[in-house]
Amino acid sequence: MSYSLRSGSRRNAGSKVQKSVNQKKAALKKNKANAKYLNTESVEQTLQDNVGKTLASIERLGNQVFALSPFSQYYDDWLINLRQVVSEFEAFPEVTIDETFVKEREQAFLDIELALTEYKTQEDNIAEAEKTIYTINQELRVLEATYTENSRTLNNKHNTDAQQITKQIKTLEEDIANQENLKFGVFQFGAKKVAAQKLEQTQQTLTTTKKQLETIKQNFTTQHNQLYESYTAKKQELTTKTETLQKTLTQTETDTSTETRKKICTNLNNTINKLITRQPITTTTPTTDPSN
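All values reported here derive from a predicted model rather than from experimental measurement.

**Remarks on the pattern of salt bridges**
Item 1. Scanning the entire structure with this criterion turns up 13 salt bridges.
Item 2. With a shortest N-O distance of 2.8 Å, Arg105 and Glu90 are connected by a salt bridge. Here Arg105 is found in helix H3 (residues 99–185), whereas its partner Glu90 is found in helix H2 (residues 75–90), with 15 residues between them in sequence.
Item 3. Arg105 gets classed as buried once you look at its relative accessible area, which sits at 13%.
Item 4. Note on Glu90: relative accessible area 22%, which makes it partly exposed.
Item 5. With a closest N to O distance of 3.4 Å, Lys274 and Glu104 form a salt bridge. Separated by 170 residues along the polypeptide, Lys274 in helix H5 (residues 258–278) and Glu104 in helix H3 bring together distant segments of the chain.

Below you can see the structure in the form of structure tokens.
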């Protein structure tokens, strides 16, 4: 009787031990599952936080507007900041970079570098245009002064020459009047003939002198027109250049790179979002003590 009781006690004890082991195994399995779930959830949350910060930083850079020209003075720092944000994103342990992302990222940076280089060249051209406009304005002032001086000189010469000839004409006309009176007052044939010849010669001289006066007027008109046409043509040429350059200068009022930089940042954010949707969430299963 006592033997049978002892055997039953041993079987009950063994059954309890087995049950305890099974319960520990179930609990361990459940703890591992819970730990894996919590670890995955933690990684996902960390990734979302880091991605959110990255996207926000890139968007902020995309919306940045440079207030003062030359705007190209800000390009290098802006590009460095953009590269730093992307580099920090790539360094996150939760992020797995793939070939597609690298290709799209490199293309984005290549596009913005080329665009900023072009914008810088445009600004350099604008700076050169400002210098050219200054030089042209100086040329216009010199042209105006030169034309005024040459016109005054030409007018003075014309007036002097015309006055001299006019005096000669007036003198000749007086001589002719006197000679005509003398011709009619002379009764001797020889003297009358001489007076007539002298009167004819004086009249011819008057005709020639009047022609000289007309030539002087015509020459003055021709020279003045030539001087004015040369002046106006040169002035129009310089003015046209200035107007063309002024149109170029109006582009400096705003930062022309704004839209391009914003577009590139939008593309980079899309590239990051696509990368996140492609990659799996990797987790590290926590180690447990086998004795537990």
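**Comments concerning the packing of aromatic side chains**
Item 1. A complete count under the given rule lists seven aromatic pairs for this structure.
Item 2. On the numbers, 6.2 Å between centres and 50 degrees between planes, the contact of Phe66 with Tyr75 is tilted. The two residues Phe66 and Tyr75 agree in class, both being buried.
Item 3. For the ring pair Tyr147 and Tyr231, a centre distance of 4.1 Å and an interplane angle of 10 degrees mean the geometry is stacked. Linking Tyr147 in helix H3 with Tyr231 in helix H4 (residues 189–249), this pair joins segments that are 84 residues apart in sequence. Note on accessibility: Tyr147 and Tyr231 belong to one class, buried.
Item 4. Every member of this aromatic cluster is reached through a ring pair, and the members are Phe66, Tyr74 and Tyr75.
Item 5. For the cation-ring pair, Arg83 lies above Phe109, with the distance from its terminal atom to the ring centre recorded as 4.2 Å.
Item 6. The cationic tip of Arg261 hangs over the ring face of Trp78; the distance from NZ or CZ to the ring centre is 5.2 Å.

**Quick word on the packing of H2 against H5**
Item 1. The interhelical angle for the contact between H2 and H5, taken along N-to-C directions, is 5 degrees, at an axis separation of 12 Å. The pairing of H2 with H5 is recorded here as roughly parallel in orientation. Residues Trp78, Leu82, Val86 and Phe89 of H2 touch H5, and the partners they reach there are Arg261, Cys265, Leu268, Ile272, Leu275 and Ile276.

Conventions used here
Residues numbered from 1 in each chain as written. Predicted model: local features only at pLDDT ≥ 70, side-chain atom pairs only at ≥ 80, totals over all residues. Heavy atoms only, no water. Salt bridge = Lys/Arg side-chain N within 4 Å of Asp/Glu carboxyl O. Helix = DSSP H or I, 4+ residues; strand = E, 2+ residues; numbered from the N terminus. Buried < 20%, exposed > 50% of the residue type's maximum accessible area, 1.4 Å probe, protein only. Phe/Tyr/Trp six-rings, centres within 6.5 Å; stacked < 30°, edge-to-face > 60°. Lys NZ or Arg CZ within 6 Å of the ring centre and 35° of its normal. Axes fitted to C-alpha atoms, helices over the stretch in contact; angles between N-to-C directions. Parallel < 35°, antiparallel > 145°, perpendicular 65-115°, else oblique. Contact = heavy atoms within 4.5 Å.

Worth remembering: the numbers are spatial, not functional.
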